[in-house]
Each structure stands twice: as C-alpha cells, then as structure tokens.
Amino acid sequence: MRQRLIAGNWKMNKTPTEAERFIRAFLAADRGADGVETVLLPPFIGLELAGRLLRKTGVALGGQDLHFEEKGAFTGEISAEMLIACGCRYVLVGHSERRTLFHEDDGLLNRKLNAALATGLSPILCVGETLAEHREGQVREKVTAQLCADLDGIEPAQIASVVIAYEPIWAIGTGETASPEEAEGAIRMIRGWFSRAYDEEIAKNLRILYGGSVNPENAAAIVAQPDIDGALVGGASLSPETFARIVVQAG
Ligand code: 13P
C-alpha cells in the first residue's frame, strides 16, 4: 500500500521569519487524519529553522535542490549532507524550473540523484513535457527519455526511496491543470515504464505524484485516481490554511 504524499514546494518564497509563521499556523491547522505524508520544501535559508520547528511533528522536510559533490569549492551550492543536517528527508531533483532556467541537463541530474541516494535522502525526481510537446502528443517520448537518462545506473534496491513527480510544464503556475484522467494516463504510463525498466513489484510500490496548479478544489479528484499517490504543490502551498486543506482533501 503506497502512502499518499503531499509536498509543498515554496520555490523562492518566504524568509525564515515568514517560514516560521507558516509552520506554526500549518501545525495548528486541521490537516485531517494522519494517513497523508506531508513534506515542506522551503528555500535553503529556512531549512534549519524549519527542521527545528518540524522535529517530531510528523511533517517532513525537504530541500529544493542539491549539489552532487560532498563538499568543496562550489560557491553557492548545498550538499546532501547539509540538507540532512537540517533535518531533510527529501530533496527535489530536476524541477522544470531548474532544468529550464538553470540549464540542468539529465547527466547532471543523474549525478544529483546518485548523491542524494548515497547520503540517504529520498529524491523527488520531477519529469514532464512542455506545451509544444504536449500538443504534438510527445508526452511518452519526453518523459521516458528523462526517466532513462536521469535514472541511468540507479539500482533496483535504490528505487524504494525514490519518488517521481509528473509535472507537465504547461500546467505549472498557469492555473491550467491536466484533467485527472489526463494526469492518470501519464502517471500510469510512468508506472509502466518502471515495471519494464525494473520490475512489477518496484513499479507497484513506487510513489508518483502529480504537480501543476493543484489547489484545494481539484486535489481530491486528482489524488482519487488509482495511480496518483499525491501532489507536488507550488503556489497553493504558500498559505498554511490552503495547503492544510489540500492535505485534508488527499486523506
Ligand atoms: P504550481 O502549483 O504553482 O502550479 O507549481 C507546481 C510546481 O512547480 C510544484 O513544484
């Protein structure tokens, strides 16, 4: 049985003071029953404080990115070990904003995945197609190519701690969501890829999230799809009340 997961990617939003205000309000809000795993992904600068506030609360913490080296002369970068020291269990790898705006290619993402897994972090690997690719019916080609390249050499035993987030780029921050059926189709296709590339059991146990304009109104219908195990939420994760409502909807 796959536990549902709702992750809030704050992107470049919230100072540590604002993060603290959010976390106190979120912990006080009605988040439904305990069945849904919840993860907050603040900017690096808020991680240490967030880690302290979230300790023993059942709400997990993750980073939005990491560098693949353990340490050294990499100005501006953060290592897997630093994320763990702040209390992170998860880390995003390959968000479309990193791929597009910061030119992160599949070779780099493969190294980041290896670094995360070697340190004991669970990577949330993001994949998804552009609007043009979507219109041209290239969802399978695009997503499959990303999975093949990003997961190259990742062993079957390591997949247990990987989470996949299918985020069609045209649905991110646009208010336009893939319909639940459309999202389910893409996510079922991804699960099928894992059963061929790894095996049936691994594919069955893998958690795959949908991301792209998820809000309290559409979350329940998305998460109700048989292959969709939760959501990676951007804009709607910035308000503690709104994000808590999404968690309730996923329960
Ligand atoms: P929005 O929920 O704002 O569309 O962002 C989705 C996203 O990119 C989450 O990582």
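An account of the accompanying structure is given in this report. (Residues numbered from 1 in each chain as written. Predicted model: local features only at pLDDT ≥ 70, side-chain atom pairs only at ≥ 80, totals over all residues. Heavy atoms only, no water.)

Turning to the site of the ligand, a few remarks are in order. Taken together, 13 residues surround the ligand, and among them Lys11, His95, Gly173, Ser213 and Gly235 come closest. The side chain of Lys11 places a nitrogen or oxygen atom 2.8 Å from an oxygen atom of the ligand. Take His95: an N or O atom from its side chain is 2.8 Å from an oxygen atom of the ligand. When the ligand sits alone it has 300 Å² of accessible area, and the protein chains cover 95% of it. A class-by-class count of the residues in the shell around the ligand yields 4 nonpolar, 7 polar and 2 charged. (Near = heavy atom within 4 Å. Polar contact = N/O pair within 3.5 Å; in protein donor to acceptor, adjacent residues only side chain to side chain. Areas by Shrake-Rupley, 256 points an atom, 1.4 Å probe, with all protein chains shown as cover. Nonpolar A, V, L, I, M, F, W, Y, C, P; charged D, E, K, R; others polar.)

Further remarks concern the pattern of salt bridges. Side chains that differ in charge, positive against negative, can pair when their charged atoms come close. Counted by the stated rule, this structure contains 18 salt bridges. Across the pair Arg99 and Asp150 runs a salt bridge, and its minimum N-O distance is 2.7 Å. Residue Arg99 is located in helix α4 (residues 96–101), and its partner Asp150 is located in helix α7 (residues 139–150); the two are separated by 51 residues in the primary sequence. Note on Arg99: relative accessible area 15%, which makes it buried. Between Glu217 and Arg245 there is a salt bridge whose closest N-O contact spans 3.0 Å. Remark: Arg245 occurs in helix α12 (residues 240–250) and Glu217 occurs in the loop between β7 (207–211) and α11 (219–223); sequence separation between them is 28 residues. Given a relative accessible area of 43%, Arg245 falls into the partly exposed group. Taken together, the shared-partner salt bridges connect Arg2, Glu184, Arg188, Arg191, Asp227 and Asp229 into one network. (Salt bridge = Lys/Arg side-chain N within 4 Å of Asp/Glu carboxyl O. Helix = DSSP H or I, 4+ residues; strand = E, 2+ residues; numbered from the N terminus. Buried < 20%, exposed > 50% of the residue type's maximum accessible area, 1.4 Å probe, protein only.)

Approximately 360 Å³ is the volume found for the largest pocket. Lys11, Met12, Gln64, Arg98 and Phe102 are, among the 14 residues lining the largest pocket, the residues nearest its centre. Broken down by class, the residue content of the lining of the largest pocket amounts to 7 nonpolar, 3 polar and 4 charged. In this structure, the second largest pocket spans a volume of roughly 210 Å³. Lining the second largest pocket are 16 residues, with Ile159, Ala160, Asn205, Leu206 and Arg207 positioned closest to its centre. Listing elements by their share of the lining of the second largest pocket, those giving two or more residues are α8 (156–159) and α10 (200–205). The element that contributes the greatest number of residues to the lining of the second largest pocket is α10, accounting for 3 residues. Looking at the lining of the second largest pocket, its residues break down into 9 nonpolar, 4 polar and 3 charged. (1 Å grid on protein atoms, 1.4 Å probe; cavity = no way out; pocket = protein on both sides within 12 Å on 5 of 7 lines; lining within 4 Å. Points joined across faces, edges and corners; volume = space filled by probe spheres on them.)

Here we take up the sheet that holds β7. One closed barrel accounts for 8 strands, arranged β1-β2-β3-β4-β5-β6-β7-β8; its pairing is parallel. Across the sheet, the mean angle separating the axes of adjacent strands is 25° when strand polarity is ignored. For strand β1 (residues 5–9) and strand β2 (residues 37–41), the ladder comprises 5 bridges, and the chain directions are parallel. By the bridge assignment for β2, Ile6 is matched with Thr38. Against the sheet, helix α2 (residues 47–54) makes contact with β2 and β3 (59–63), and its axis sits at roughly 165° relative to β3, the strand it touches most. (Pairing = 2+ DSSP bridges. Axes fitted to C-alpha atoms, helices over the stretch in contact; angles between N-to-C directions. Contact = heavy atoms within 4.5 Å.)

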